[in-house]
Amino acid sequence: MNPQANLIFIISLLLGTTITISSNHWIMAWTGLEINTLAILPLISKSHHPRAIEAATKYFLTQSAASALVLFSSMTNAWHTGQWDITQLTHPTSSLILTSAIAMKLGLVPFHFWFPEVLQGSPLTTGLLLSTIMKLPPIALLYMTSHSLNPTLLTTLAILSTALGGWMGLNQTQIRKVLAFSSISHLGWMAIIIVYNPKLTLLNFYLYATMTATIFLTLNTIKVMKLSTLMTAWTKIPSLNAMLLLTLLSLAGLPPLTGFLPKWLIIQELTKQDMAPAATLISLLSLLSLFFYLRLAYCTTITLPPHTTNHMKQWRTNKSTSIMIAILTTMSVMLLPISPMILTIV
């Protein structure tokens, strides 16, 4: 793709995200979401492969349906209350429609079917944008309307997302699909706490985005798309592979890594809200996703390829990894000891 065009699309993405996050009026928020959708479509379909075109089509259809629902929800609320302010979403029907629309935008169960397919058809850099920055505007809208959302509905969606994100990721061999189901599972953790402590949702999202960005950039550096090539990629940059192992375990939420912090705080908050059964259930369901993270980690560093078949060893590259990956990896692995400071900032 032409670098100038690429720059325009990236700037439009940032612009759309900024408009949605900073707006008070529903129409402006909707405009930002639309700019975002239109800016990411060329980035998804830039390889001109049939699968990329299919992914772009699926993405466009689901996002446009979700945007229409956001508009419908805000109009219904304005019809009943006379308010176009995002924080004044008080009508129950409007908040129900909005929850469905945002669940569709984010890829929460039962509106999750588009996300693994779209991520599988996209390049790794676009997959990174889809998994991180494209989730921020819908989560910001949920954050602003959190006081009027239905807790029972969100808890149900969250538990279903964590369950299906774990179960459906078990059998995958394509790394992008595994990361898509991982994203669905993490969105479950964010959705369950949004009504009770919205700041924890944002903290969870920031840390999830950091860890996912690390994994996508690492995979992009070693040019790996599926598990079978991941097994032979350790000869390329061994130190980077070792850090990928730690980042995957952090994404799984194992102590003493960064990924344990949001899970720990969310379970603590749910227990305070007398939701111990929900906390127990979501913790047990996250063990499903732990299995495929361990599988990825095993393939990354621990497994040597079997000797029965001829595997091409890949050449060790001399190019150094970027400073961005180094910073993100450090943050993905080592932030737990400074969690009191993080909590004071948030």
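Residues numbered from 1 in each chain as written. Predicted model: local features only at pLDDT ≥ 70, side-chain atom pairs only at ≥ 80, totals over all residues. Heavy atoms only, no water.

## Notes on the overall build of the chain
Here is the rule: Each helix is a run of H or I in the DSSP string that is no shorter than four residues. Each strand is a run of E no shorter than two, and both are numbered from the N terminus. Atoms considered for the radius of gyration are the C-alpha atoms alone. The globule rule reads 2.2 Å times the number of residues to the power 0.38. To sort residues, take the accessible area from a 1.4 Å probe on protein chains only and compare it with the maximum for the residue type: under 20% means buried, over 50% means exposed, and anything in between is partly exposed. The protein chains shown are the only cover counted for residues, whose accessible areas, like all others here, come from Shrake-Rupley with a 1.4 Å probe. Charge assignment: positive for Lys and Arg, negative for Asp and Glu; neither His nor the chain ends contribute. Lys charges are placed at NZ, Arg charges at CZ, Asp charges at CG and Glu charges at CD.
The helix and strand inventory of the chain stands at 16 helices and zero strands. Taken over C-alpha atoms, the radius of gyration comes to 20 Å for the chain, in line with the 20 Å a tight globule of 346 residues would show. Each of the three principal axes of the chain carries a C-alpha extent, and together these read 70 × 50 × 35 Å. Out of the 346 residues in the chain, the part that is buried amounts to 54%. Here the chain displays about 15200 Å² of accessible surface, and carbon together with sulfur accounts for 70% of that area. Where the 17 positive side-chain charges of the chain centre and where its 6 negative ones centre are 20 Å apart.

## Considering the confidence of the model for the chain
Test applied: The pLDDT value expresses, per residue, how confident the predictor is, ranging between 0 and 100.
For the chain, mean pLDDT is 92; residues scoring 70 or higher make up 95% of the total. Element-level mean pLDDT values for the chain span from 86 in helix α11 (residues 227-230) up to 97 in helix α9 (residues 175-193).

## Topic: the domain arrangement of the chain
Our working definition: Where each domain starts and ends comes from a domain assignment, either automatic or drawn from a database. Residue contacts follow a heavy-atom distance rule, with two residues in contact if any of their heavy atoms lie within 4.5 Å. The buried area of a pairing is the accessible area, by a 1.4 Å probe, that goes missing from both parts when the two are put together, added over both.
Assigned domains of the chain: these are domain 1 (1-128) and domain 2 (150-306 + 321-345). Spacing between the C-alpha centres of domain 1 and domain 2 amounts to 23 Å. Taken together, the contact between domain 1 and domain 2 spans 20 residues of the former and 26 residues of the latter. When domain 1 packs against domain 2, the two sides together hide about 2000 Å² of surface, and 77% of this comes from carbon and sulfur. It is Val109, Gln120 and Leu124 in domain 1 that bury the most area against domain 2; as a group they hold 34% of the surface buried on that side.

## Side note on a nonpolar patch on the surface
We count it as follows: Each patch groups residues whose relative accessible area exceeds 30% and which form no salt bridge, using 9 Å between like charges and 5 Å between nonpolar side chains of Val, Leu, Ile, Met, Phe, Trp and Tyr. One side-chain nitrogen of Lys or Arg within 4 Å of one carboxyl oxygen of Asp or Glu is enough to make a salt bridge.
A contiguous nonpolar surface patch, about 400 Å² in accessible area, is contributed by Ile323, Met324, Ile327 and Met331. With respect to the element layout, Met324 can be found in helix α15 (residues 323-334). Classification of Met324 by relative accessible area gives partly exposed; the value is 47%.

## Digging into the nonpolar core
Applied cut-off: What makes a nonpolar core is a set of buried Ala, Val, Leu, Ile, Met, Phe, Trp, Tyr and Cys residues whose side-chain atoms join them at distances within 4.5 Å.
Residues Tyr59, Leu130, Ile192, Leu219 and Leu230 are the most contacted members of the largest nonpolar core, which totals 100 residues. Residues from two domains meet in this core; each of domain 1 (1-128) and domain 2 (150-306 + 321-345) gives at least three. Here Leu219 is in contact with Leu124, Ile175, Leu179, Val224, Leu230 and Leu244, once residues within four sequence places are set aside.

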